[in-house]
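Examining the three-dimensional arrangement
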Amino acid sequence: SQQGEEDPQALSIQEGENATMNCSYKTSINNLQWYRQNSGRGLVHLILIRSNEREKHSGRLRVTLDTSKKSSSLLITASRAADTASYFCATHGANSKLTFGKGITLSVRP
Amino acid sequence: EAGVVQSPRYKIIEKKQPVAFWCNPISGHNTLYWYLQNLGQGPELLIRYENEEAVDDSQLPKDRFSAERLKGVDSTLKIQPAELGDSAVYLCASSSTPDRGHLFFGPGTRLTVL
């Protein structure tokens, strides 16, 4: 079963533009995490935001969390062609289980 | 620091044959996970180990799948017999803080069942 639902399913932008990806979930969480997966590779952890945090930054990444709406967003600023990948949100629940969404395919055109 | 190692990277077998995947987690990581990823989907947990104990195997199809983590380090996931629907990528991951931390993933094993 997959708790997180990302939106949109696919996103295509021009290099230099910002990319915003959203994730909604259903049950209470300890934290929410975002991962990136390049084609044919394993997942790489990008950023983790705890349930008592509202916003977090890491380099060109900004993630927000709204626990009242059970939603999160990941913003990638000044996108590059190398950002082309699939992005997954994952929720860490009270049962210590990390559950992934179906992912968003981001294409950044040079 | 070496990452999570998986082998083989690719495996092609005929249905009803057995297959095994191997994973060596990052040194010192007590928690090990096996995930299944179908094409265009997110990873789905098969089994989670704390040291050598399987603490969550509720999603493992136990009629044909088995896993072990002897000595609490490397792990093997086996399918016997394989079915066409088992074609997928099998990902291994490890972490040092099981209840709240993030995971380190290996490159995965892409299984094709003919």
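Only a predicted model underlies this, so the values are computations on that prediction, with no experimental measurement involved. (Residues numbered from 1 in each chain as written. Chains lettered and ligands numbered in written order. Predicted model: local features only at pLDDT ≥ 70, side-chain atom pairs only at ≥ 80, totals over all residues. Heavy atoms only, no water.)

A closer look at the overall build of chain A
As a reminder of what qualifies: Each helix is a run of DSSP H or I of at least 4 residues and each strand a run of E of at least 2, with the numbering of both proceeding from the N terminus. Each radius of gyration reported is based on C-alpha atoms, and the globular scaling rule is 2.2 Å times the count of residues to the power 0.38. Summary of the burial criterion: residues with accessible area below 20% of their type's maximum are buried, those above 50% are exposed, and those between are partly exposed, where the area comes from a 1.4 Å probe applied to protein chains only.
Per the secondary structure count, chain A includes zero helices and eleven strands. For chain A, the N- to C-terminal ordering of α and β elements is β-β-β-β-β-β-β-β-β-β-β. In terms of overall size, chain A behaves like a compact globule, its C-alpha atoms giving a radius of gyration of 13 Å where 110 residues would be expected to give roughly 13 Å. Along the longest, intermediate and shortest principal axes, the C-alpha atoms of chain A span 40 × 25 × 20 Å. Per-residue burial over chain A gives 49% buried out of 110 residues.

A look at the sheet that holds strand β8 (residues 71-76) of chain A
All names here are of chain A. Worth spelling out the cut-off: The pairing criterion is simple: DSSP has to find at least two bridges between the two strands. Lines fitted to C-alpha atoms define the axes, with helix axes restricted to the stretch in contact, and inter-axis angles between N-to-C directions lie between 0 and 180 degrees.
With respect to topology, five strands assemble into an open sheet ordered β1-β3-β8-β7-β6, the strand pairing being antiparallel. Edge strands, defined here as strands with exactly one partner in the open sheet, are β1 (5-7) and β6 (55-58). Taken over all neighbouring pairs, the strand axes of this sheet differ in orientation by 20° on average, direction set aside. Alignment of β6 against strand β7 (residues 61-66), held across four bridges, turns out to be antiparallel. The residue of β7 that forms the bridge with S58 is L61.

Notes on the sheet that holds strand β1 (residues 5-7) of chain B
All names here are of chain B. The strand order across the open sheet built from four strands is β1-β3-β8-β7, with neighbouring strands paired in antiparallel fashion. What marks the edges here is a single partner per strand, and that holds for β1 and β7 (65-68). Averaged over all neighbouring strand pairs, the angle between strand axes comes to 15°, with direction disregarded. Bridge count between β7 and strand β8 (residues 75-79): four bridges; the pairing is antiparallel. Following the sheet pairing, F65 is matched in β8 by I79.

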